[in-house]
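In case you want the letters, here they are:
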Amino acid sequence: MKLFVDDLRDPPEATWTVARTSAEALEILQSGAQVDELSLDHDLGGEDTSRPIVLWLAEQDRWPAVVRVHSANPVGVEWLTGMVERYGPGVTR
């Protein structure tokens, strides 16, 4: 499965599963679904961000093979990229 996490944007193709909140994304990840590719927006509306997703992936060491960051928030991109580079498979560009 390809998981696209974004509160506003639609995924680039219909083959992606969409999560609009960090809670939705975590529910999918914690269900045991095989997520092979993940694309993250940082800001998910209100106070929600994709940081809890990345923290859970790091704590569980359950990273998808491909992780992308598509956020327009430069500070958010830096945080997400840094975490995925340090604890995960690295960010695919």
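Throughout, residues of each chain are indexed from 1 in the direction in which the sequence is written. Local features in a predicted model are, by the rule used here, given only for residues with pLDDT of at least 70; side-chain atom pairs are given and counted only at 80 or more, and totals for whole chains, interfaces and linings are based on all residues. Based on all heavy atoms of the structure, the side-chain values leave hydrogens and waters out of the count.

## Some remarks on the overall build of the protein
Runs of H or I in DSSP of at least four residues are treated as helices and runs of E of at least two as strands, each being numbered from the N terminus. Counting its regular elements, the protein contains three helices and four strands. Listing each helix as α and each strand as β along the protein from the N terminus yields β-β-α-β-α-β-α. With the radius of gyration taken over C-alpha atoms, the globule rule is written as 2.2 Å times the number of residues to the power 0.38. In summary, the protein has a C-alpha radius of gyration of 12 Å against a globular reference of 12 Å for 93 residues, a match within 12%. Over its C-alpha atoms, taken along the principal directions, the protein stretches across nearly 30 × 25 × 25 Å. Only protein chains enter the area calculation, which uses a 1.4 Å probe; residues under 20% of their type maximum are buried, those over 50% are exposed, and those in between are partly exposed. By residue count, 42% of the 93 residues in the protein fall in the buried class. Residue contacts are defined here by distance: any two heavy atoms, one from each residue, within 4.5 Å place the two residues in contact. Counting only contacts in the protein whose residues sit at least 6 apart along the sequence, the fraction spanning at least 24 positions is 58%. Positive and negative side-chain charges in the protein, numbering 8 and 16 respectively, have mean positions lying 5 Å apart. The sign given to each residue is positive for Lys and Arg and negative for Asp and Glu; His and the chain ends receive no count. We put the charge of a Lys on NZ, of an Arg on CZ, of an Asp on CG and of a Glu on CD.

## So, the environment of Glu85
Summarising the element assignment, Glu85 is placed in helix α3 (residues 74-87). In this structure, Glu85 is in contact with Gly90, Val91 and Arg93, ignoring residues within four places of it in sequence. Of the polar contacts made by the side chain of Glu85, one reaches the backbone nitrogen of Val91; its length is 2.9 Å. Side-chain atoms alone can form a polar contact between residues adjacent in sequence; in general such a contact is a pair of N or O atoms within 3.5 Å, and within protein one must be able to donate a hydrogen while the other accepts it.

## Some words on helix α2 (residues 51-60)
Where α2 is concerned, the buried positions are Ile53, Val54, Trp56 and Leu57. Buried residues of α2, viewed axially, fall in a sector of 160°; they line one side. Where the residues of α2 are buried, they touch β1 (2-5), α1 (22-30), β3 (37-40) and α3. Immediately beyond the C-terminal end of α2, within one or two residues, lies Asp61, with a positive phi of roughly 50°. Directions drawn from the helix axis to the C-beta atoms are what define this arc.

## Examining the nonpolar core
For our purposes a nonpolar core is just a set of buried Ala, Val, Leu, Ile, Met, Phe, Trp, Tyr and Cys residues, chained together by side-chain atoms within 4.5 Å. Leu3, Val5, Leu29, Leu40, Ile53 and Leu57 are the most contacted members of the largest nonpolar core, which has 21 residues in total. Within the residue set of this core, elements represented by two or more residues are β1, α1, β3, α2 and α3. In this structure, Leu3 is in contact with Trp16, Thr17, Ala19, Ala25, Ile28, Leu29, Val35, Glu37, Leu38 and Ser39, ignoring residues within four places of it in sequence.

## Concerning α3
Between its first and last C-alpha atoms α3 spans 20 Å; for 14 residues at 1.5 Å apiece the expected length is 20 Å, and the two agree. Within the sequence span of α3, burial applies to Gly76, Leu80, Thr81, Met83 and Val84. Each buried residue of α3 lies within a common arc of 165° when the element is viewed along its axis, so the set occupies one face. Facing away from the buried surface of α3 by more than 90 degrees, the exposed residues are Pro74, Val75, Glu78 and Arg86. Among the structural elements, β3, α2 and β4 (66-69) are those in contact with the buried residues of α3. If you check the start of α3, you find a side-chain oxygen 3.0 Å away from the backbone N of Val75, and it comes from Asn73. A helix is expected to reach a length of 1.5 Å times the quantity of its residues less one.

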